[in-house]
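Fold and geometry: a report
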Amino acid sequence: MILRQYMRTFLLVAVIFVFGFSIRMLNAGCDDPLYTDDDGLQYFQESDSYYNYRLTENLAIRGIPGDAVIGGKIWDLHSYYPPGVPLDYPAGIPLLAVILHAITGVIAPVSLRAVCLIMPALLAPLAGVICFFTVKRFQGDIPAFIAGLLLVSAPFYLVKTVYGLYDTDMLILTLSMVVLFLFIEADAREVNRVPLSATGGFVLFLFSITWSGWQVMFYVTLVTFIILILTSGSRKPLRNILETFLPAFMVLFILLTLFNHLELIKLIMTPLHIHDLVDKSIWYPWPDSYTTVAELQPAYMDKVLGHISPALTVLGAAGIPAYYMLYRRKGSAGLPVIFISVWIATGALMLLEGIRFVMILIAPLSVSAGIFTGILLDCSRKFRFRWIKGVLFILIIFTVSAQLAISGNMVADLKPGYNDYFEESAHWIAENTPSDAVIITEWSYGHFYASEADRPVVYDGRLAYIETLPARGVWYGSSMDPEIPTTARDYWINLSLSSENRTLSLNILRMLANSGDDAYILLKNQTGSEVLAYRIMNEILGLNRESAMDVLMHKYGFSESEALRILNMTHPMTSRKIVVVVPEKMIGLIASKGDSGDMPAGTYSLIRLKDDVIEEEIINSSGNVTVLETTDGSYRINRKYRNSLLLELIMGVNDENFSLVYRNQQIKVYIINS
């Protein structure tokens, strides 16, 4: 009997894992050679994967995830350059990849990239397995099985952990579920409570080296502990609560103190900087780059339902009140229901920051859905008509099956975000530019070129490193201004590309590539005003060096030496090699897709590229729209951008300032002439 139960459990767990793995591998069979490299491996799904892969390669080759050790800190000299940044990124995923690569290397010669590609599909289903054992503790095999399937097939979790999406999401829910499971086990045991709690603290530490947002789980645990303390009824339960949580907190803080100072600082300082993290004007006077990130867009209800799935949302939401009433009959709410309730409430609050944080809701809702399923099936046994239980069971199976089918269809058609055209352009840069050349491109492509071209980039997908805001003042020391990184670079790059003033565009690009943010920091310190520094920079960057010198001295009252110091940053006399990469998709920064041959009302002009010459035909002098005909189709742009630098670069300009040194069907690469 016991053996049969073990076999049943094993089979159910195996189904959850195999299904979770298989559905994540549906996009691995892409047969289009455009999306595979010379070794036959698919490209990674998106940009963040290339950032993680670069750190993983560094760890495998150099023994550190960054590029160098400076002042006792590991630095990343490829991101936000110059000067680069102290590396703050948790190294858990790169470390695990290197370990798995070493293990698989004993069995068969597998490349590091191949290991990284398959890791998400291999590790993400483990969250469903842990969910099974968590729910099984309360409601038995079938509800636990339902919960595990719902978790591994939740749409957002699925698309964030498919084959080739090498990012931290693959372990976020798994580690979160392990933390929950260990605290539930510790709470339920009279013996081994302290070791289980200490293990929970160790898992929280592992979480801290895996994902920057691990603090969410720490604070969920802390709030649960406080609620249980405040609602404890006698000295014995209070002692149990202390034994359940205090060893975990002690182990966590000891390990953070010894091995992860940055996350310890962030853990302590984050509550003091909540306003900075949620305030949309924190980057003033610069615009907020994060408003352009798709995952940080508002979490409207239809998006939330679509990302979690209606089935999981309804069953999970129903589970909390049902579970609470069940425990109230026993005289206590209990750790599990409080922990899960706090977790769901935290996830709901974090949705205010963007749809990306729907991930936090998936695990607790899955546990809650499993518990509700068990309660529903138990209640159905009390009905007079036995067929009611069968009908309920069929309805539950149908609901879960619908989620599985819909999620599977989402994955099957996924293709990598990069292809041979991007890879070939990166290889050209790597082979034909000096190692200290700097790449400037739209931020979403930065991680790819930093990895594949092995050149530093001015701005990339880490944007302004918002995760480090709470810790900069302490962690940086006196070596860096805590205002850096900031969103200023996004502002300057967009201004340069959208402007028709070539002096302004060139000065901006040369300033960014050679002195980064130094000019702004210097002006801010000298004037004591962020706004005045911003205004001065916008004025002098549109002028040549001589005119800018005159403005600084006679309009703003700087001495000659002060003005020269500023100009050496904004208008450098010599420049390192600057590489500007322009994928055709960047036209989306200033244009929207239209129908070929369509002339909308209010068309001012039509622009075509003919024999490498840009030709413009005026249609209506009072119109506001310019139609751009390219090999990729037709676009509509505001007429004020028709002479913008970006448009000329996309159209293939080749002049005394910009040398077109490489091109393929989708990418153009320019070198700025010094």
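Whatever comes next refers back to the structure up there.
Residues numbered from 1 in each chain as written. Predicted model: local features only at pLDDT ≥ 70, side-chain atom pairs only at ≥ 80, totals over all residues. Heavy atoms only, no water.

1. Looking at the sheet that holds strand S5 (residues 578-583)
In plain terms, the rule: When DSSP locates at least two bridges between a pair of strands, those strands are taken to pair. Only DSSP runs of H or I reaching four residues or more are called helices, and only runs of E reaching two or more are called strands; each is numbered from the N terminus. Orientation is described by lines fitted to C-alpha atoms, with helices fitted over the stretch in contact, and by angles between N-to-C directions that extend from 0 to 180 degrees. In what follows, residue pairs with any heavy atoms lying within 4.5 Å of each other are defined as contacts.
Read from one edge of the open sheet, 4 strands run S4-S5-S12-S11, paired in mixed fashion. The outermost strands of the open sheet, each flanked by one partner alone, are strand S4 (438-440) and strand S11 (658-663). The sheet shows a mean angle of 30 degrees between the axes of neighbouring strands, taken without regard to direction. Strand contacts of helix H19 (residues 420-432): S4, S5, S11 and strand S12 (667-672), with the helix running at about 20 degrees to S12, the strand carrying the most contacts. Packing against the sheet, helix H23 (residues 502-515) makes contact with S4, S5, S11 and S12, and its axis sits at approximately 115 degrees to S5.

2. Brief notes about the side chain of Ser212
As for its placement among the helices and strands, Ser212 is situated in the loop between helix H9 (193-208) and helix H10 (215-230). Setting aside residues no more than four positions away along its own chain, Ser212 makes contact with Pro90, Glu263, Lys266 and Glu467.

3. Some details on unusual backbone geometry
Note the threshold: Using a 1.4 Å probe on the protein chains alone, a residue whose accessible area is under 20% of its type maximum counts as buried, one over 50% counts as exposed, and one in between counts as partly exposed.
Looking along the chain, the bond that leaves Pro82 and enters Pro83 is cis, with omega of 5 degrees. For Pro83, the location among the structural elements is in the loop between strand S2 (73-76) and strand S3 (85-86). With an omega of 0 degrees, the peptide bond running from Ile484 to Pro485 counts as cis. Note that Pro485 resides in the loop between helix H21 (472-475) and helix H22 (488-498). Of note in this structure, Tyr80 is not a glycine but carries a positive phi near 50 degrees. You can see Tyr80 is positioned in the loop between S2 and S3. Its identity is not glycine, yet Tyr465 carries a phi of approximately 50 degrees, on the positive side. Assignment of secondary structure puts Tyr465 in the loop between helix H20 (446-452) and H21. Given the relative accessible area of 2%, Tyr465 is considered buried.

4. Quick notes on the nonpolar core
As a rule of thumb, soluble globular proteins bury nonpolar side chains together. In plain terms, the rule: We call a set of buried Ala, Val, Leu, Ile, Met, Phe, Trp, Tyr and Cys residues a nonpolar core when their side-chain atoms join them within 4.5 Å.
Counting residues in each nonpolar core, the largest one holds 205 residues, and the members touching the most others are Tyr449 and Trp492. The residues touching Tyr449, leaving out its near neighbours within four places in the chain, are Phe422, Ser425, Ala426, Ile429, Ile439, Asp454, Arg455, Val581 and Ile667. Within the second largest apolar cluster, 5 residues are counted, among which are Leu158, Val162, Leu165 and Val411.

5. As for the pattern of salt bridges
The condition is simple: When a carboxyl oxygen of Asp or Glu lies within 4 Å of a side-chain nitrogen of Lys or Arg, that pair is called a salt bridge.
Considering all chains together, one arrives at 24 salt bridges under this definition. As a salt-bridge pair, Glu452 and Arg113 come within 3.2 Å of each other at their nearest N and O atoms. Of this pair, Glu452 sits in helix H20 while Arg113 sits in helix H4 (residues 112-123); the two residues are 339 residues apart in sequence, bridging distant segments of the chain. Glu452 sits in the buried class, given a relative accessible area of 10%. The class for Arg113 is buried, based on a relative accessible area of 13%.

That is the geometry; function is a separate question.
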